[in-house]
Amino acid sequence: MKYCSTRGSAPHIDFDDVLLTGLANDGGLYIPHKWPSFSESEINNMQGMTYGELATEIVQPFTEGSLIQEDLKKLILETYKSFSHSDVAPLRNIKKNIWIMELYHGPSLSFKDYALQVIGNIFESLLLKKNKTINIVGATSGDTGSAAISSCANRSGMNIFILHPEGRVSEVQRRQMTTVNSSNVFNIAIKGTFDDCQSLVKLMFKDENFRERINLSAVNSINWARILFQIVYYFYAVLSIGSQNKSVSFAVPTGNFGNVFAGYCSKKMGLPISKFYVGSNNNDILTRFFSSSSMVIKDVIPTISPAMDIQVSSNFERLLYDAYEGDYLQVNKLMRNFSNKKSFTVDPEVFKKIKLYFQGYKLNDEQTKFVMKRTFDESQYILDPHTAVGLGAIDNFSNILEDPLVVLSTAHPSKFPDAVKSAVGKEPSLPEPIKDLYNLKEEYTVLPNDLELVKNYIDSNANL
Ligand SMILES: *Cc1c(COP(=O)(O)O)cnc(C)c1O
């Protein structure tokens, strides 16, 4: 399987290189050259598979020609065995026709584990085969950091450096990153904001010399492999509720558009999904897009669902590429406008196509807490604030109850104890994987928002 860039001028490469490079060198995102698809009867035959078996089946066509192909099944089965629930991604029926899919049974308790855990495993195996080492650098406002660290800790061939804004992530999130105690993990608290952290990382990637010298690699959701492994749970959800032969909808709390784009991929591959309800917090750039056809950047507003405090939904570029049927010149034009004028508008016929499958809805913090409280009162189920944004996104669309609806629960409520306490009046208890969190020793380095100092630190701790 070959992959091409949404901007059209990067070389076409295979899965292994897509995995190791992340971003294409023309600034675009990698996307499969051709979409594999499964027929209705092939999907019916998947019923009854374990999560790991299903993942192997779905991912197989995307990794054709990869060096790790023969080990893939073993790596996948091994990865999901370590999750804390035997179903890996269990579904809970909370109301007639509404299911919550719990994507928080991995080690760092967010849905990001479902891709990153297996990616860590594949990275290690691939680096061994290629006799290479890499240094992974990333910025986090919370969940990506702990999921990435947990996937790379104690693995050979790689060091990982995660930048977080000092004092601006929750204590649970910080402790999940800083208590790992592994010689290949380096936490850096930057005196600045999340945007400062992200911009430092981007500048490091732009520095050709630095990038090559330390074999820099990325694990944010621009990496296709993350989307790929997220496609799996859409199949798992549809099969679990037995909806493979009738239409079904999904509600997805959204930031970078990675998670919901994986759902769109699963639809392209044959699942009978009729709609995606895209939930946003006060950072509602997507909601505004879905009602206007214009994407317009505003300042980031802090909310109680911080993993979605994002203005630029990077993965939206992949949807644009698809909606413009691979016309990368159009994608280039829109993305140029976005970076120069902080906005772009899609053509009316393309907008119509996108609107067939996507609805956007925004919840502010008060509305989010209201959904958490209502769900707790009605079903004794504690939602984390991100999941509540997803569930709340359907309140406005009364016709939807004809379809079974799956809400993706993206984090365990114990990661956001303050929001939960304020909404439902009690704190969620820490589950098994993090119950000792407050007793463990923290380790991190504080650095100023200064590119040269951060690069020096990484240089002197790199795995070469
Ligand atoms: C990362 C994250 C999201 C947003 O997911 P995207 O793929 O960026 O849309 C939502 N909820 C939680 C808890 C997250 O960690």
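Our subject is the structure listed above.
All values reported here derive from a predicted model rather than from experimental measurement.

Asker: Describe the overall build of the chain, and please don't skip the residues or the numbers.
Answerer: When its secondary structure is counted, the chain shows 19 helices and 16 strands. Computed over its C-alpha atoms, the radius of gyration of the chain comes to 21 Å, within 12% of the 23 Å expected for a compact globule of 464 residues. Viewed in the frame of its principal axes, the chain has a C-alpha envelope of about 60 × 50 × 50 Å. Of all 464 residues assigned to the chain, the portion counted as buried reaches 60%. Excluding contacts between residues fewer than 6 apart, the proportion of contacts in the chain whose partners are at least 24 apart in sequence is 75%. As displayed, the chain offers around 18400 Å² of accessible surface, 47% of which is attributable to carbon and sulfur atoms.

Asker: How would you sum up the nonpolar core? Please name residues and give values.
Answerer: In this structure, Tyr80, Trp224, Tyr234, Phe235, Phe250, Phe316 and Phe358 are the most contacted members of the largest nonpolar core, which totals 107 residues. A per-element tally of this core places helix α10 (residues 224-240) first, with 14 residues. Contact partners of Trp224, with chain neighbours within four places excluded, come to Tyr3, Phe15, Val18, Tyr30, Pro32, Trp35, Phe62, Ile231, Phe261, Cys265 and Arg318. Listed in part, the 24 residues of the second largest apolar core include Leu363, Ile382, Ala388 and Leu391.

Asker: Summarise the sheet that holds strand β10 (residues 248-253); cite the residues concerned and give the values.
Answerer: Taken together, six strands build an open sheet; the order of strands is β4-β5-β15-β10-β11-β14 and the sheet is mixed. One side of each edge strand has no neighbouring strand; the edge strands of this open sheet are β4 (91-95) and β14 (358-362). Neighbour-to-neighbour, the strand axes of the sheet open up by a mean angle of 25 degrees, direction not taken into account. Pairing between β10 and strand β15 (residues 405-409): three bridges, direction parallel. When the sheet's bridge partners are listed, Ser249 is paired in β15 with Leu405. Contacts from helix α11 (residues 258-268) reach β10, β11 (273-280), β14 and β15, with the element oriented near 175 degrees to β11.

Asker: Kindly report on the packing of aromatic side chains, identifying the contributing residues and their values.
Answerer: This model, assessed by the stated rule, comprises 28 aromatic pairs. A ring pair is formed by Phe62 and Trp224, whose centres lie 5.8 Å apart and whose planes are at 50 degrees; its orientation type is tilted. Placement of Phe62 in the loop between α3 (51-59) and α4 (69-81) and of Trp224 in helix α10 is noted, with a sequence separation of 162 residues between them. A single burial state applies to Phe62 and to Trp224, both of which are buried. Considering the side-chain rings of Tyr234 and Phe276, the 6.4 Å spacing of their centres and the 75 degrees angle between planes classify their relative orientation as edge-to-face. In this pair, Tyr234 is assigned in helix α10 and Phe276 in strand β11, connecting sequence segments 42 residues apart. A single burial state applies to Tyr234 and to Phe276, both of which are buried. The ring of Phe210 has Lys455 sitting right over it, with the charged end atom 5.6 Å from the ring centre.

Analysis parameters
- Residues numbered from 1 in each chain as written.
- Predicted model: local features only at pLDDT ≥ 70, side-chain atom pairs only at ≥ 80, totals over all residues.
- Heavy atoms only, no water.
- Helix = DSSP H or I, 4+ residues; strand = E, 2+ residues; numbered from the N terminus.
- Rg over C-alpha atoms; globule rule 2.2 N^0.38 Å.
- Buried < 20%, exposed > 50% of the residue type's maximum accessible area, 1.4 Å probe, protein only.
- Contact = heavy atoms within 4.5 Å.
- Areas by Shrake-Rupley, 256 points an atom, 1.4 Å probe, with all protein chains shown as cover.
- Core = buried A, V, L, I, M, F, W, Y, C linked by side-chain atoms within 4.5 Å.
- Pairing = 2+ DSSP bridges.
- Axes fitted to C-alpha atoms, helices over the stretch in contact; angles between N-to-C directions.
- Phe/Tyr/Trp six-rings, centres within 6.5 Å; stacked < 30°, edge-to-face > 60°.
- Lys NZ or Arg CZ within 6 Å of the ring centre and 35° of its normal.

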